[in-house]
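Structural features, examined
Here are the chains, one letter per residue:
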2 protein chains.
Amino acid sequence: MKKRQVTSLDVARMAGVSQSAVSRTFTPGACVSEKTRLKVMTAARLLGYKPNAIARSLITQRTNMIGVVIGDTINPFYSEVLEETTQRLQATGRQVMLFVAAANLDPGEALPQALQYQVDGVIVSTAALSPQMALECANVGTPMVLVNRTIEGLDIPSVNVDHESGARAAADVLADAGYRRLAFVNGIQTSSGNEARRRAFQRRIAERGLPPALEDVGSYTYNGGFAAVIRLMTMTREHRPEAIFCANDVMALGGLHAVRHHLGLRVPEDVSIIGFDDIPEASWPSVDLTTIRVWPRELAARAVSMVLGMVESRTTTCDSQILPVELVVRASTRPAGSKASATAERVAT
Amino acid sequence: MKKRQVTSLDVARMAGVSQSAVSRTFTPGACVSEKTRLKVMTAARLLGYKPNAIARSLITQRTNMIGVVIGDTINPFYSEVLEETTQRLQATGRQVMLFVAAANLDPGEALPQALQYQVDGVIVSTAALSPQMALECANVGTPMVLVNRTIEGLDIPSVNVDHESGARAAADVLADAGYRRLAFVNGIQTSSGNEARRRAFQRRIAERGLPPALEDVGSYTYNGGFAAVIRLMTMTREHRPEAIFCANDVMALGGLHAVRHHLGLRVPEDVSIIGFDDIPEASWPSVDLTTIRVWPRELAARAVSMVLGMVESRTTTCDSQILPVELVVRASTRPAGSKASATAERVAT
DNA sequence: CTGAAAGCGCTTACAG
DNA sequence: CTGAAAGCGCTTACAG
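In this report, we go over the structure that sits alongside the text. Since we're looking at a predicted model, the values are computed, not measured.

Procedures and definitions
Residues numbered from 1 in each chain as written. Chains lettered and ligands numbered in written order. Predicted model: local features only at pLDDT ≥ 70, side-chain atom pairs only at ≥ 80, totals over all residues. Heavy atoms only, no water. Contact = heavy atoms within 4.5 Å. Buried area = accessible area lost by both parts, 1.4 Å probe. Salt bridge = Lys/Arg side-chain N within 4 Å of Asp/Glu carboxyl O. Polar contact = N/O pair within 3.5 Å; in protein donor to acceptor, adjacent residues only side chain to side chain. Helix = DSSP H or I, 4+ residues; strand = E, 2+ residues; numbered from the N terminus. Nonpolar A, V, L, I, M, F, W, Y, C, P; charged D, E, K, R; others polar. Near = heavy atom within 4 Å. Pairing = 2+ DSSP bridges. Axes fitted to C-alpha atoms, helices over the stretch in contact; angles between N-to-C directions. Buried < 20%, exposed > 50% of the residue type's maximum accessible area, 1.4 Å probe, protein only. Least-squares fit on C-alpha atoms with pLDDT ≥ 70 in both.

**Re the interface of chain B and chain A**
- Taken together, the contact between chain B and chain A spans 58 residues of the former and 58 residues of the latter.
- With both chains or domains summed, chain B and chain A bury close to 5200 Å², and 58% of this area falls on carbon and sulfur atoms.
- On the chain B side of the interface with chain A, the three residues burying the most area are I54(B), Y117(B) and W284(B), jointly 13% of the side's total.
- For the pair chain B and chain A, the number of links is zero salt bridges.
- Along the contact surface separating chain B from chain A lie 17 residue pairs in polar contact (both at pLDDT 80 or more).
- Here the element with the most residues in the side of chain B that touches chain A is helix α5 (residues 76-91) of chain B; it accounts for seven residues.
- Within the side of chain B that touches chain A, the residues separate by chemical class into 25 nonpolar, 23 polar and 10 charged.

**Things to note about the protein's contact with DNA strand D**
- Neighbouring DNA strand D are 27 residues, the closest being S8(A), S23(A), R24(B), T36(B) and I59(B).
- When the atoms of DNA strand D within 4 Å of the protein are sorted by group, sugar and phosphate make up 58%.
- Between a phosphate oxygen of DNA strand D and a main-chain N or O atom of N52(A), the distance comes to 3.0 Å.
- At a separation of 3.0 Å, a base nitrogen of DNA strand D approaches a polar side-chain atom of S20(B).
- Residue composition of the surface near DNA strand D, by class: 10 nonpolar, 14 polar and three charged.

**Concerning unusual backbone geometry**
- In this structure, P268(A) follows V267(A) across a cis peptide bond, with omega equal to 5°.
- Secondary-structure assignment places P268(A) in the loop between α11 (249-262) and β9 (272-274).
- The backbone phi angle of N148(B) is positive, close to 60°, even though this residue is not glycine.
- Along the polypeptide, N148(B) turns up in the loop between β4 (144-147) and β5 (158-161).
- Phi angles above zero are rare outside glycine, and R314(B) is one such case at about 55°.

**Describing the protein's contact with DNA strand C**
- Around DNA strand C, 27 residues are found, and the nearest of them are R24(A), T36(A), I59(A), S8(B) and S23(B).
- Across the atoms of DNA strand C situated within 4 Å of the protein, the share located in sugar and phosphate is 59%.
- One of the side-chain nitrogen or oxygen atoms of S33(A) is found 2.8 Å away from a phosphate oxygen of DNA strand C.
- In this structure, a phosphate oxygen belonging to DNA strand C sits 2.5 Å away from a main-chain N or O atom of S8(B).

**Some words on the sheet that holds strand β6 (residues 182-186) of chain B**
Residues and elements named next belong to chain B.
- The four strands lie next to each other as β7-β6-β8-β9, forming an open sheet whose pairing is parallel. Both edges of this open sheet fall to β7 (214-217) and β9 (272-274), since each of them pairs with a single strand only. Between one strand and the next, the sheet's axes are offset by a mean angle of 20°, whatever the strand orientation.
- Examined bridge by bridge, β6 and β7 share four bridges and lie parallel to one another. When the sheet's bridge partners are listed, F184 is paired in β7 with E215.
- Contacting β6, β7 and β8 (243-246), helix α9 (residues 192-207) crosses the sheet at an angle of about 170° to β6.
- In the packing of helix α10 (residues 222-233) onto the sheet, the strands contacted are β6, β7 and β8, and the crossing angle to β7 comes to about 145°.

**A short note on the side chain of N52(B)**
- Along the polypeptide, N52(B) turns up in the loop between α3 (34-47) and α4 (53-60).
- Given the relative accessible area of 15%, N52(B) is considered buried.
- A polar contact of 3.2 Å, which involves the side chain of N52(B), links it to the side chain of Q5(B).
- Not counting residues within four places of it along the chain, the set of residues in contact with N52(B) comprises L58(A), Q116(A), Q118(A) and Q5(B).

**Remarks on the relation of the copies chain B and chain A**
- Mapping chain B onto chain A calls for a rotation angle of 180° and an axial translation of 0.0 Å; the resulting RMSD is 0.0 Å. A rotation of that kind, with that shift, is consistent with a two-fold axis. It is M97(B) whose C-alpha, among those of chain B, lies nearest the rotation axis, at 2.3 Å.

**Points about the environment of L327(B)**
- Among the structural elements, L327(B) can be located in strand β12 (residues 326-328).
- Between the C-alpha atom of L327(B) and that of C31(B), which follows or precedes it by 296 residues, the distance is 56 Å.

**Digging into the pattern of salt bridges**
- Per the counting criterion, the structure on display carries 42 salt bridges over all chains.
- Here E195(A) makes a salt bridge to R199(A), at a shortest N to O gap of 3.9 Å. Of this pair, E195(A) and R199(A) are both found in helix α9 (residues 192-207), four residues apart, which corresponds to roughly one turn of the helix.
- The exposure class of E195(A) is buried, given its relative accessible area of 18%.
- Notably, a salt bridge pairs E195(B) with R198(B), separated by 2.8 Å at the nearest N-O pair. Of the two residues, E195(B) and R198(B) both sit in helix α9, three residues apart, roughly one turn of that helix.
- Salt bridges sharing partners connect three or more residues here, namely E80(A), E83(A), E84(A), R88(A) and R297(A).

Structure (structure tokens):
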């Protein structure tokens, strides 16, 4: 059923011009007389001709495709990153070649595949990513930008939220509320963002004179957070944390539900919970989660202009960026003293 | 910084064989002696050679790329469809070229773009899609499958959930509970899925001897559902609905929150609410939404095998499929009589 | 402004 | 099994 493609030669013959003339007509800014252009356009319309982007890519050495690899599409945070990335790329006439890394695992063949398809650049937004992959990319000279992560030892351009300020703000909120026994629920421990949050949180706690926070792992998922919080909350009374900071909102949501509906305890009376991301669900009245707000769409926007900038200027380097975050105090944490401030305060970064 | 590409010719020279030999080594199932293969592989490794998929596509007339156009990535339902689609496609060595249609609008240039890139097939999962676009696709002979929608007058293969049974089940639940004044919140009225649900709901209501349901529109979004339900619930007492069926869960969630937290009313005591999709949030204890469960991943899986089947067999037609749905009774609807059945009942389809 | 021609990097009959 | 050669559909110097 696949019909033979109509090519520029077909159009040329019908229009009575050379094949070059057809090509020029479809190349913005090429020299063609109005008369020729008209002949070509009518013939093209009649035949239903559309230039073959693959053939063009081969000769121009540019595909206008950007590889986008993403880890966890189910997390609303990454859904927004993906949507914004794609729309921005489309707006500039680029195509996105999408790769989803199974369950936050190393994207494996994604990068090599993308490179075989000669993508002009790559945006990687996935917790797990082996340095080898990244190196391979660098070797081919394909621009790459990391979203919300870095790779130790490699100087790859990235856009990150300010993990440290966010984690410090979380520590401060809990310390201000007078808690002493805190806990931290890791996402994926090999993720650079997780590490940044964990370290900054522990350090700030120490600065505030509190004992180190207990740790557990929730693999960045709802169920993982649910289970981790159950484990923490069923410890003996002397160990049980008074407040829990989860490395992302999805886990915090799981934890919140575990506490309220599975353990039958109250938040924040029995335990405070704080998340990271401020996904839409966090502000639902029935949830009302204290969290650290980030701007996923801004993250995406920066990443897109970074890759495109590198593609245009034929570089593989550019300055990394760090975006500010904002503490959003809601009802899942106990306020400092008696005055409950439910307003969002800007975090100095 | 972009280095000159390593080509098969470079490898051939280093290995001391013809360029054809190199090509054969990288073509599964081609005839190459073990000796040649070894020479080629070592040279390739040394040079870091990877076949250029674009050049290959041009000559083989097959890109192994599938275009995927999606409407609303933020809706968890479509996130799952997208994730499953992509992973399945990747698993067969295909690439996905992603298009996201802004805010459920007509994808516009998405299809033409995809066609210029010579995608082998297209999976379209977006509420709005102009028939012209679809026709254009058909004219090029590119296989296309629609997910959860159809196009009136065109016989394009599709995978749909059983909108009708689902809507009937919703009508029955509400009629069984003894309600008389019902309402339906449309998603997007130009969406075929919305129409199917609306019509089946109204028809079933009539069959049960109830007056027609009031209607409003919520554009398939949380805020849209929130606003629509507020409008419905602030009507005069004699018009105000006793139960509301929303065309998807996202709107139902908005509606639920509007009722509980904005209007300060109780669900289901003051009004029953029922959704469609059974997204993860619907089963959160604090939500507990009665809904119609569908299987987004199964939808995606079918769509993928349909396109791939057509690609393999060089057809553009295949049988459409309809997947069953299941009523999930939770706490947002009043049970029939006094015996609350909180278990899921299979809907006959 | 226009056309003839080379060439992007590959696959695949074809002849050996 | 192997190599020389044609050709996929385009862009772009080059000469006119």
